[in-house]
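Residues per chain are reported as follows:
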Amino acid sequence: MKRFGIITFLALLEFSALFAQYNPYPDKSIFAEKRKQFMEIIGDDAVAIIVANPEYKRNNDVDHDYRQDSDMFYLTGFEEPESIAVLRPGAEKLRYTLFVRKRDKLRETWDGHRFGVKGAMETFGADSAYTIDEFDKMLGGILRGAKTVYHNFGADEELSESILERVSVNAGRSDLSMKNARYELGEMRKIKSDWEVKSLRKAIDITSEAHNEAMKSARPGMGEYEIEAVIEYIYRKHGVQRPGFPSIVAAGSNTTTLHYQTNEMKMKKGDLLLVDIGAEWGYYSADVSRTYPVNGKFSKEQAAIYQIVYDAQEAAFKISRPGTSRKELSDIVRNSVIDGLIKVGLLSGTLEEIIKDRSYKKFYLHGFGHWIGLDVHDPGSYTEDGESVIMRPGMVYTVEPGIYITEDDSVDTKWWNIGVRIEDCVLITEKGYELLSDKSPRKIKKIEKLMRKKGLAQKD
Ligand code: GLY
Ligand code: MN
């Protein structure tokens with residue numbers, strides 16, 4: 001009894017040490033809710049086979065950092081590779097099975113803890129669990145009685161291929177078909193639950209702090225990479241596991257490359273700096289962009305373009321509420337950008353003419369925003385019943401207009417290399433919206449004021 005007590009105590013100690021740094025979801029029932037909802041959607045005739053991302057080799061015996069497939073995480077919270085979740089909504093008892101890696105003392109000494117079959121059931125709530133090598137021989141039984149197999153294509157191509165083959169061979173039953181689970185899951189993922197919003201808030205707060213430190217740190221003569229280092233220092237200081245996407249720290253002419261991410265140039269006086277970043281917290285990614293002058297003071301032209309982008313964002317915020325369609329948001333942002341560009345003389349014609357001849361596309365190259373969530377560009381269709389999606393409480397999207405003027409453009413050289421993107425995260429609430437990313441300044445005067453302070457990079 002005493003011995004058992006010590007072992008239990010040590011096991012608990014090991015378990016809590018594992019999660020000491022990072023455990024945003026101690027309550028695994030949040031994933032059970034998602035599984036329940038998903039099983040109701042796919043119905044009793046269906047079985048879902050949701051697989052983990054494979055590990056990718058980087059070089060020789062070094063792998064790329066591992067991250068679980070977003071849908072696998074959404075339904076299980078399980079972060080290990082070589083795992084498969086099987087959901088059987090029609091089953092009486094064993095509705096949720098996990099296939100996982102074997103416990104392996106030697107491998108765990110090298111690579112870290114594995115939950116194993118026992119942990120899959122005790123910690124992750126699986127009704128039954130097996131080691132991953134059992135999956136192949138159990139697949140026939142899993143498919144038996146099912147009419148539709150839902151699978152997350154695109155995670156592990158080799159595994160998808162073999163499941164597909166088995167489904168088509170399986171008893172030659174004409175009524176067994178395979179569907180991509182990404183669609184149903186994408187639709188579910190459009191509406192965030194309270195705990196998902198909590199994770200997004202945390203990711204966005206840390207990202208906003210990183211922006212503010214970057215603004216205070218930026219000086220002519222520094223490298224873009226130094227600003228990237230400041231940003232990712234803030235992330236790690238807070239225990240962020242990884243950025244949700246490669247940080248974009250683009251100065252001068254790089255501001256007009258939409259997904260610039262080499263971050264290796266030196267920043268010069270007179271350059272704008274476009275910083276598009278997002279910390280990932282508990283798998284949920286922020287996405288916030290700020291643009292500001294490296295020397296701390298906007299030039300006349302930089303300020304003019306910045307203000308157009310700012311006003312376009314404001315126009316979108318004003319109509320962000322339940323009932324607004326994505327098309328309305330898209331149109332109001334586009335029209336606001338066009339109006340601004342007409343006023344400063346970069347476009348000529350009326351709003352209607354410019355929309356028709358699409359001349360605005362030269363400067364305004366991308367959509368106004370996207371869903372965020374487990375993926376920085378979260379899935380979920382932008383149309384419903386053939387119409388533009390209508391905003392509902394729990395939806396979270398970015399508003400990120402951008403204007404990009406390159407040296408190729410047949411415009412006065414005073415406009416060259418001005419690339420401005422401002423990006424913020426909006427949560428639709430019952431009454432209207434909440435701007436989740438308001439902890440980092442957007443107004444010109446406020447940015448200039450913050451930039452007068454010293455940042456992390458200036459401290460001894
Ligand atoms: N933050 C990168 C993008 O939205 O494309
Ligand atoms: Mn974005």
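For clarity, every value in this text was computed on a predicted model and none was experimentally measured.

A. Representation of the coordination of the manganese ion (ligand 2) in the model. Coordination sphere of the manganese ion (ligand 2), protein contribution only: Asp287 (OD), His370 (NE2), Glu400 (OE) and Glu423 (OE), at 2.0 to 2.3 Å. One chain supplies every donor to the manganese ion (ligand 2), and in sequence these donors are spaced D-x82-H-x29-E-x22-E. One end of the pair, His370, is in the loop between helix H13 (351–357) and strand E15 (383–384); the other, Glu400, is in the loop between strand E17 (396–399) and strand E18 (402–405), and 30 residues separate them in sequence. The two residues His370 and Glu400 agree in class, both being buried.

B. Seen up close, unusual backbone geometry. Although it is not a glycine, Asn60 adopts a positive phi angle of roughly 40°. On the accessibility criterion, Asn60 (65% relative accessible area) is exposed. The residue Asn417 is not glycine, and still its phi comes out positive at about 60°. Relative to the elements of secondary structure, Asn417 occurs in the loop between E18 and strand E19 (418–421).

C. Summary view of the packing of aromatic side chains. Within this structure, the stated rule accounts for 19 aromatic pairs. Between Phe99 and Tyr130, the ring centres sit 5.6 Å apart and the planes meet at 25°, which makes this aromatic pair stacked. Taken together, the residues Phe99 in strand E5 (residues 96–100) and Tyr130 in strand E6 (residues 128–131) connect sequence positions 31 residues apart. Look at Tyr360 and Tyr364: their rings are 6.4 Å apart centre to centre, the planes differ by 40°, and that puts the pair in the tilted class. When its relative accessible area of 7% is taken as the criterion, Tyr360 is described as buried.

D. The site of ligand 1, seen in detail. Taken together, the residues surrounding ligand 1 are Phe245, His259, Asp276, Asp287, His370, His377, Glu400 and Glu423. Within the side chain of His370, an N or O atom sits 3.0 Å from an oxygen atom of ligand 1. Between an oxygen atom of ligand 1 and a side-chain N or O atom of His377, the distance comes to 2.8 Å. Classifying every residue of the shell around ligand 1 by side-chain character gives 1 nonpolar, 3 polar and 4 charged.

E. Quick look at the packing of helix H2 (residues 29–42) against helix H8 (residues 181–189). H8 packs onto H2 with a crossing angle of 125° between their chain directions and a minimal axis gap of 11 Å. Classified by the angle their axes make, H2 and H8 are oblique. The crossing of H2 and H8 is right-handed. Contacts from Lys34, Gln37, Phe38 and Ile41 of H2 reach H8 at Ala181, Glu184, Leu185 and Met188. A per-class count over the contact of H2 with H8 returns 5 nonpolar, 1 polar and 2 charged.

F. Representation of the nonpolar core. Among the nonpolar cores identified, the biggest contains 108 residues, and Phe38, Leu273, Tyr292 and Ile305 are the most heavily contacted of them. Of the residues forming this core, the biggest block, 9 residues, is contributed by helix H9 (residues 194–217). With residues near it in sequence (within four places) discarded, Ile305 still touches Leu341, Leu346, Ile403, Ile405, Trp415, Ile418 and Val420. Grouped together as the second largest cluster of nonpolar side chains are 17 residues, Val51, Val86, Phe99 and Val167 included.

G. The sheet that holds E17, seen in detail. Here we have 3 strands laid out as an open sheet, ordered E17-E20-E21, and antiparallel in their pairing. For this open sheet the edge positions go to E17 and strand E21 (433–435), each flanked by a neighbour on one side alone. Looking at each pair of strands side by side, their axes are set apart by 30° on average, direction ignored. As defined by bridge partners, strand E20 (residues 424–428) adjoins E21 across 3 bridges and the pair is classed as antiparallel. Its bridge partner being in E21, Leu427 is matched across the sheet by Glu434.

H. Up close: the sheet that holds strand E14 (residues 288–293). Taken in spatial order, the 3 strands of this open sheet run E10-E11-E14, and their pairing is antiparallel. With partners counted over all chains shown, the strands left at the sheet margins are strand E10 (248–251) and E14, one partner each. Strand-to-strand twist across the sheet, computed as the mean angle between neighbouring axes with direction ignored, equals 10°. In this sheet, strand E11 (residues 272–277) lies alongside E10 in antiparallel orientation, the contact comprising 4 bridges. Bridge assignment links Ile248 to a residue of E11, and that residue is Asp276.

I. Layout of the layout of surface pockets. Taken as a whole, the largest pocket holds about 1400 Å³ of empty space. Tyr66, Glu79, Pro81, Gln241 and Arg242 are the residues nearest the centre of the largest pocket, which is lined by 42 residues in total. Elements represented by at least two residues in the lining of the largest pocket include exactly helix H3 (70–76) and helix H4 (105–111). Looking at the lining of the largest pocket residue by residue, the classes come out as 14 nonpolar, 10 polar and 18 charged.

Conventions adopted
Residues numbered from 1 in each chain as written. Chains lettered and ligands numbered in written order. Predicted model: local features only at pLDDT ≥ 70, side-chain atom pairs only at ≥ 80, totals over all residues. Heavy atoms only, no water. Donors = N, O, S within 2.8 Å, 3.2 Å for Na, K, Ca; no water. Helix = DSSP H or I, 4+ residues; strand = E, 2+ residues; numbered from the N terminus. Buried < 20%, exposed > 50% of the residue type's maximum accessible area, 1.4 Å probe, protein only. Phe/Tyr/Trp six-rings, centres within 6.5 Å; stacked < 30°, edge-to-face > 60°. Near = heavy atom within 4 Å. Polar contact = N/O pair within 3.5 Å; in protein donor to acceptor, adjacent residues only side chain to side chain. Nonpolar A, V, L, I, M, F, W, Y, C, P; charged D, E, K, R; others polar. Axes fitted to C-alpha atoms, helices over the stretch in contact; angles between N-to-C directions. Parallel < 35°, antiparallel > 145°, perpendicular 65-115°, else oblique. Left-handed = near helix turned anticlockwise from the far one by under 90°. Contact = heavy atoms within 4.5 Å. Core = buried A, V, L, I, M, F, W, Y, C linked by side-chain atoms within 4.5 Å. Pairing = 2+ DSSP bridges. 1 Å grid on protein atoms, 1.4 Å probe; cavity = no way out; pocket = protein on both sides within 12 Å on 5 of 7 lines; lining within 4 Å. Points joined across faces, edges and corners; volume = space filled by probe spheres on them.

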